[in-house]
Amino acid sequence: MTMLRLQGIHKSFGKLHVLRGVDLEVNRGDVLCIIGPSGSGKSTLLRCTNLLVYPDRGDIFLEQVRVTTRAVRPEWVRQQIGMVFQQFNLFTHLTALRNVMLGLVVVKRMNPADARSKAELELQRVGLADKKDAYPAQLSGGQQQRVAIARALAMDPRVMLFDEPTSALDPEFIHEVLDVMGRLAKEGMTMVVVTHEMNFAREVADSIIFFDQGQIVERGSPEEIFDRPGHDRTKAFVGKILR
Amino acid sequence: MTVPAMTARKLSWARFSGEAMAADPPTREPSERGGAIESTPVPPTWGSRARGAALASAPATLMAGIVILVALAMIGTLAYVGVINWVFMVQNWPSAYLPLWTAPLWNSLFLTIASFLIGFGTAIFLGIVRAYGMGKTRNRIAFVFYAPVTGYVHAIRGTPFFVQLWLVFFAIILAAPQLDILGWDVYMWAGLIALSLNTIGYQAEVFRGGFQAVGQGQVEAAKALGLRGPQVFFHITFPQGLRLVTLPLTNEFIALFKASTIVSYISVYELFVWAENLGSRFGHPIEGFLMISLYYLIINVPLGRTVTYLEGRIRIPGLGTQVGGDSLTQRFLGRRKENRASSWSGGRPTRTRGGLPQPGDGFAKMSTGSHRWLVPAGRERSGDGDHERLVSGRLLAATAASERGPPAS
């Protein structure tokens, strides 16, 4: 069953045509990895998906509901779609626990006691129960990113978007974040992951998209993309990355 | 075998031209490579950073102490030669704050505090308008007020307070010459309004800067959770922005307190008028102004220090400026800081003063041809190069290679 569907998405920033007609479908429980050179519009595509950037043209459907209409508030859409950023973007003035609680209390109007116990549970899921009172600056990059994942998960999103979640991490912290993401995928979360971690993509992804110059160049299973790429540009990119 | 000492420039030239290939044997003993290698310029990383740390602690406070002593000595000299009359000062001191509540000191303080608080309450909103009234993601309501608010801010910041004061004064005195609200006359009100209008303009810009300094990534993350614009502001931008503006706001308070002397020109009876009266009535102008200087100092200096201290106490890690927290004793006697730079002592914390390792703290002095070093004990005679010594220890002195003769064989 289709969880998320993008149809003919176009987006320009001034004269720069970033997204040139993207059609995309993600089934419930699938993990879709998007790879491609930097500047190709992968991040913009994710940000369009949860309407942080409003597409110029095209439609987005979340479980058959068209969300690119005036009738649907973007806040509602974002609440359904969790997002994890490259730079973590934790709230500096709040502890890890409060970071996770904020959305529950403010957006979901949960009472603080319930929100606290749910937040503690989410932190436990990413293995940071003992760090709940630490401020973001007191956490390592990997821990910060795991808090960011817990923060997004606490909202019970239907889809999770990951925008290069390990690119800003020191190599020693990458695996702990990828572990959490892998576990999440196993639990059946629908995920769209922009990543440069090819091993992760190969192991976890159900399908992979090679994205270049604002368009989907090729979509296929990990074996198809990595071992038998059909397109020249995919071949060149994969060859460079996997060398 | 003796290798002639060469400067770095000569060496590189020799390498470049190939002249030295014959003269320089390719393999040299470590003890003999000294001349050429040590003459390469050593980057002053350690030296300059250590020097900065030292300046920041003990010597700086020492200098401040010296400045104060010199000032006191000058005042003392003036007193000695009879320009300053101590007895006059002591006798007249209480008249600044007695009778309570109507005295000049209280008037000055009241005008400052009241206008600052009025400014604070108002400027938050003007700051919001300034921060969110323009740009791609502007707020519709803020946009409506953007032009007038911007005009106001520019008008306040672009004209002298003295002129603003007279404008307000004449406007009020022409409109309501008999004004008497809450027991304050038209002069007091004119002073209060002028100071408030002025500080609103400045504080609005302080708040704007504070709000805009909050990371855009966090704003985006909050939006991604489903927070609406105002919710993002109240839960993310405002609490963080408020912490970022504490120091600029303290500056504004101090500036405002000093600017409050100007309302003396519309005959508000505050500290400056008091000092002037003392001077002209009793013929002691210097004493009068010295006395109010002291009043301003004993309010402003502790205030700034208190805010810095409180800021350190309530600091959230990773948010705001990284200063403060030292006690007065530490300020004056220098900080004995636990230094955790592991390379200095092989992982053991070193007691250092002003950030510098000292001989005896597990360090020893050594010298190589041209340089003198402080290195971890036990490494004085190892075959380390300059770089290793620089990383593990500290360069004490270096002699320019060109001034040296050939090393003794």
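We now turn to the structure provided with this report.

Parameters at a glance
Residues numbered from 1 in each chain as written. Chains lettered and ligands numbered in written order. Predicted model: local features only at pLDDT ≥ 70, side-chain atom pairs only at ≥ 80, totals over all residues. Heavy atoms only, no water. Core = buried A, V, L, I, M, F, W, Y, C linked by side-chain atoms within 4.5 Å. Buried < 20%, exposed > 50% of the residue type's maximum accessible area, 1.4 Å probe, protein only. Contact = heavy atoms within 4.5 Å. Helix = DSSP H or I, 4+ residues; strand = E, 2+ residues; numbered from the N terminus. Pairing = 2+ DSSP bridges. Axes fitted to C-alpha atoms, helices over the stretch in contact; angles between N-to-C directions. Salt bridge = Lys/Arg side-chain N within 4 Å of Asp/Glu carboxyl O.

1. Comments concerning the nonpolar core
Counting 95 residues, the largest nonpolar core has Leu123, Ile149, Met160, Phe162, Met181, Met191 and Val192 of chain A as its most contacted members. With sequence-adjacent residues up to four places away left out, Val192 of chain A is seen in contact with Leu4, Val26, Leu32, Ile34, Leu46, Val159, Met160, Leu161 and Phe162 of chain A. Core analysis: the second largest hydrophobic core is formed by 37 residues, Ala123, Leu126, Leu195 and Ala259 of chain B among them.

2. Remarks on the side chain of Asn300 of chain B
For Asn300 of chain B, the position within the fold is in helix H15 (residues 285–313). The residues contacting Asn300 of chain B, other than those within four sequence positions of it, are Ile254, Phe257 and Lys258 of chain B.

3. Thoughts on the sheet that holds strand E1 (residues 2–13) of chain A
Residue and element names in this part refer to chain A. Taken together, the four strands give an open sheet; going across it, the order is E2-E1-E4-E5, and neighbouring strands pair in antiparallel fashion. Among the strands making up the open sheet, the edge pair consists of strand E2 (16–27) and strand E5 (65–66). Note: strand E4 (residues 57–62) against E5, two bridges, orientation antiparallel. Bridge pairing links Leu62 to Val65 in E5. Its contacts with the sheet place helix H1 (residues 42–49) against E1, E2 and E4, and it is angled at close to 120 degrees to E1.

4. Details of the pattern of salt bridges
Residue and element names in this part refer to chain A. The full count for this structure, using the stated rule, is 17 salt bridges over all chains. With a shortest N-O distance of 3.3 Å, Arg125 and Glu122 are connected by a salt bridge. Of this pair, Arg125 and Glu122 both sit in helix H4 (residues 112–125), separated by three residues, roughly a single helical turn. Given the relative accessible area of 35%, Arg125 is considered partly exposed. The network of salt bridges with common partners includes Lys108, Lys118, Glu122, Arg125, Asp156 and Glu187.

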